[in-house]
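Here is what each chain is made of, one letter per residue.
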Amino acid sequence: QDPQQKIALGELQPGQWYRLLEQLGLGGIVYTIATNSELRSSSENNLQFVLDQANAALFNKGHVGQIQSALEKYFGEAVTVSIEPGETAAETPARRQARLQQERQQAAVESIEADPLLQQLIARFDGELDRASITPLDP
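Residues numbered from 1 in each chain as written. Predicted model: local features only at pLDDT ≥ 70, side-chain atom pairs only at ≥ 80, totals over all residues. Heavy atoms only, no water.

Draft legend 1. Representation of the nonpolar core within the structure. By size, the foremost hydrophobic cluster in this structure holds 25 residues, and its most contacted members are W17, L20, L71 and F75. For this core, the secondary-structure elements that each account for two or more residues are helix 1 (17–21), helix 2 (28–35), strand 2 (46–52), helix 3 (61–75) and strand 3 (80–86). The greatest single-element share of this core, amounting to six residues, is contributed by helix 3. Contact partners of L71, with chain neighbours within four places excluded, come to W17, L20, L24, L47, F49, V79 and V81. In this structure, A108, V109, L129 and I134 belong to the second largest nonpolar core, which totals five residues. (Core = buried A, V, L, I, M, F, W, Y, C linked by side-chain atoms within 4.5 Å. Buried < 20%, exposed > 50% of the residue type's maximum accessible area, 1.4 Å probe, protein only. Helix = DSSP H or I, 4+ residues; strand = E, 2+ residues; numbered from the N terminus. Contact = heavy atoms within 4.5 Å.)

Right under this line is the structure:
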C-alpha cells in the first residue's frame, strides 16, 4: 500500500497507526508522545491510545487535544481521543522505526562483510573492519 494513501476513519486499524501518524504533521513533544503511543482501539469516532510508560513523564493532558485536532483535520470529522500511560502490547511507531533502523544497519554490515574485494584488502594489508563506521545508504 502507498504510505501516503489516505486512511478512512471507519477503516483505521491499530497496525496502521504508524502510517497515519506520519501524515498528521505533528512536531516536537506532541510528535514524541504520538510516536510512542500504541493505538489500542478504534471504534466509530473513538480512538484509544496507550502511551509507552517510559515516556509518561513528558505527557500532559494538553497533548491529547493537539493530537485530537490533528486527527479531526485529517479525517474531516469529530473524533474523541484518549491517551493513558501504560504498558504497550504492540509495537509503537517509535519502536517500529528503531527496529527497521536496526535491520537496515545489520543488512549493511552483512553486505560489507560479504564483499570479496573488501575481504581481499583486509587480508592483504592485515586490516580490520570498523563495524561502527558502517551506515546504511537508504534513508
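Draft legend 2. Region of the structure containing the environment of S111. By the element assignment, S111 lies in helix 4 (residues 93–113). By relative accessible area, which is 49% here, S111 ends up partly exposed. Considered as a pair, S111 and Q53 are 58 residues apart in the sequence and their alpha carbons are 36 Å apart.

Draft legend 3. The arrangement of the packing of aromatic side chains in detail. What the rule picks out here adds up to two aromatic pairs. Pairing Y74 with F75 gives two aromatic rings, centres 5.0 Å apart and planes at 85 degrees, and the pair type is edge-to-face. Among the residues examined, F75 registers a relative accessible area of 11% and is labelled buried. K6 extends its terminal NZ or CZ atom over the ring of Y74, reaching a point 3.7 Å from the ring centre. (Phe/Tyr/Trp six-rings, centres within 6.5 Å; stacked < 30°, edge-to-face > 60°. Lys NZ or Arg CZ within 6 Å of the ring centre and 35° of its normal.)

Draft legend 4. View of helix 3. Helix length check: helix 3 (15 residues) gives 22 Å between terminal C-alpha atoms against 21 Å at 1.5 Å per residue, within 8%. Taken as a whole, helix 3 has its buried residues at H63, V64, I67, A70, L71, Y74 and F75. Down the axis of helix 3, the smallest arc covering the buried residues is 135 degrees, so these residues share one side. Pointing more than 90 degrees away from the buried face of helix 3 are the exposed residues K61 and K73. The inward-facing, buried residues of helix 3 contact helix 1, helix 2, strand 2 and strand 3. Positive phi shows up at G76, right after helix 3, with a value of about 75 degrees. (Expected span 1.5 Å × (residues − 1). Arc of directions from axis to C-beta.)

Take it as geometry only, folks, not as evidence of what the structure does.
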